[in-house]
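# Architecture at a glance
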Amino acid sequence: MTKIASFNVNSIRARMPNVLAWLEEFGPDIALLQEIKSTEETFPRMELEAAGYNIEIIGQKNYNGVAIFSKSPMEVAETHLPGDDNDKEARYIEAITETGAGVLRVASIYLPNGNPINPKPRSASNNTEVISNHPPDGNLIDSKYFKKKLDWMERLLEHAQSLLTLEEAVVLGGDYNIIPQNEDCYDPEEWLHDALFHRKSRGAFRRLCALGYTDAFRTFHQQTGKYTFWDYTKRRWQKDEGIRIDHLMLSPQAADRLRDCQIDREPRAQQNASDHTPIWCELAL
């Protein structure tokens, strides 16, 4: 069996004791990390490799950053999401490793947040005039942040489709910054105007499923109240007011070997925790 986990650590250096404890206690065969917020120069490689992992990162100073930890040797296939040579943000890394049952391809993904959805009206300096950013028909214009999110998702869909032609076990794991369904949110009404819950975001996620990728968690769990993120404010963790935005999406070859998928709440309960908690799946590989 191969255990694959995804964990947005919200700064690897700030969470080092937490991450090391999780690696020791849970012991994933492959860990997909997001928001490491570190460059190669500042990444604590020695301590993490001492935990028994081969490590590949795509880093960025103070922001973003993704990594793959693997107990087995791996080969990096992609260091950026294909489709835009001008995209310099560290949001995607893909690697291949061999298992007893063949090739396993994994990617660590950190999708753009996308907020705010719409540009705010710009007020004149004397506050007597407001210049509208809305077109005459009354439909709101997507902000540059939301457009970036949707464009990034389009590129992911195109790349994910190309990976299906390889007929390999593929796991696209990470922080998608998308709440797929009402059941994945403590209060859908509160998120109606947020990019994470917008119909265009959820529609893009459904299209990924329509391509043939399986949401590993929903294979085993249909109930509400299962989350991977709790905001630091308003005592969201203490009141269990969370959202499910971290996902493990499996190609048909990986889904055929899926044996379990769970959310590990324990790391979120620790002192100095990330606002995310790991999600993991087990494949018969």
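As shown above, the structure is provided for reference.
Quick notes on the rules
- Residues numbered from 1 in each chain as written.
- Predicted model: local features only at pLDDT ≥ 70, side-chain atom pairs only at ≥ 80, totals over all residues.
- Heavy atoms only, no water.
- Salt bridge = Lys/Arg side-chain N within 4 Å of Asp/Glu carboxyl O.
- Buried < 20%, exposed > 50% of the residue type's maximum accessible area, 1.4 Å probe, protein only.
- Helix = DSSP H or I, 4+ residues; strand = E, 2+ residues; numbered from the N terminus.
- Pairing = 2+ DSSP bridges.
- Axes fitted to C-alpha atoms, helices over the stretch in contact; angles between N-to-C directions.
- Contact = heavy atoms within 4.5 Å.
- Lys, Arg positive; Asp, Glu negative; His and termini not counted.

Scanning all chains against the criterion turns up 18 salt bridges. Across the salt bridge formed by K37 and E35, the nearest N and O atoms sit 3.7 Å from each other. On the basis of relative accessible area, K37 is assigned to the partly exposed category, the value being 21%. A salt bridge links E89 to K148, with the shortest nitrogen-to-oxygen separation between them at 2.8 Å. With E89 in the loop between β5 (74–78) and β6 (92–99) and K148 in helix α3 (residues 144–164), this residue pair connects regions lying 59 residues apart in the sequence. Salt bridges sharing partners connect three or more residues here, namely D184, D215, R218 and R244.

Note: strands within a sheet are paired through backbone hydrogen bonds, in either parallel or antiparallel orientation. An order of β3-β4-β2-β1-β14-β13 is seen for the 6 strands of this open sheet, with the pairing classed as mixed. Each end of this open sheet is capped by a strand with a single partner; those strands are β3 (54–58) and β13 (258–263). Each strand of the sheet is rotated relative to its neighbour by a mean of 15 degrees, with strand direction disregarded. The pairing of β13 with strand β14 (residues 279–283) spans 5 bridges and is antiparallel. Looking across to β14, one finds that Q262 is bridged to W280. Contacts from helix α1 (residues 16–26) reach β1 (2–8), β2 (30–34), β4 (66–70) and β14 within the one sheet, and its direction differs from that of β1 by about 160 degrees.

Inspection of the secondary structure puts K149 in helix α3. Despite its burial, K149 remains without a salt bridge, the nearest opposite charge being carried by D194 at 6.9 Å. Residues contacting K149, with those up to four places away along its chain left out, are L111, P112, N113, G114, Y176, N177, I178, A195 and S201.

Below, the discussion takes up the pairing of strand β12 (residues 246–250). A large share of β12 lies buried, amounting to 5 of its 5 residues. Across the two faces of β12 the burial is the same, with D246, L248 and L250 and H247 and M249 all buried. Where strand β10 (residues 169–175) lies against β12, 5 bridges are found, and the strand directions are antiparallel. Following the sheet pairing, V171 is matched in β12 by L250. In this structure, strand β11 (residues 214–215) lies alongside β12, joined through 2 bridges in antiparallel fashion. Across the sheet, D215 pairs through a bridge with M249, a residue of β12.

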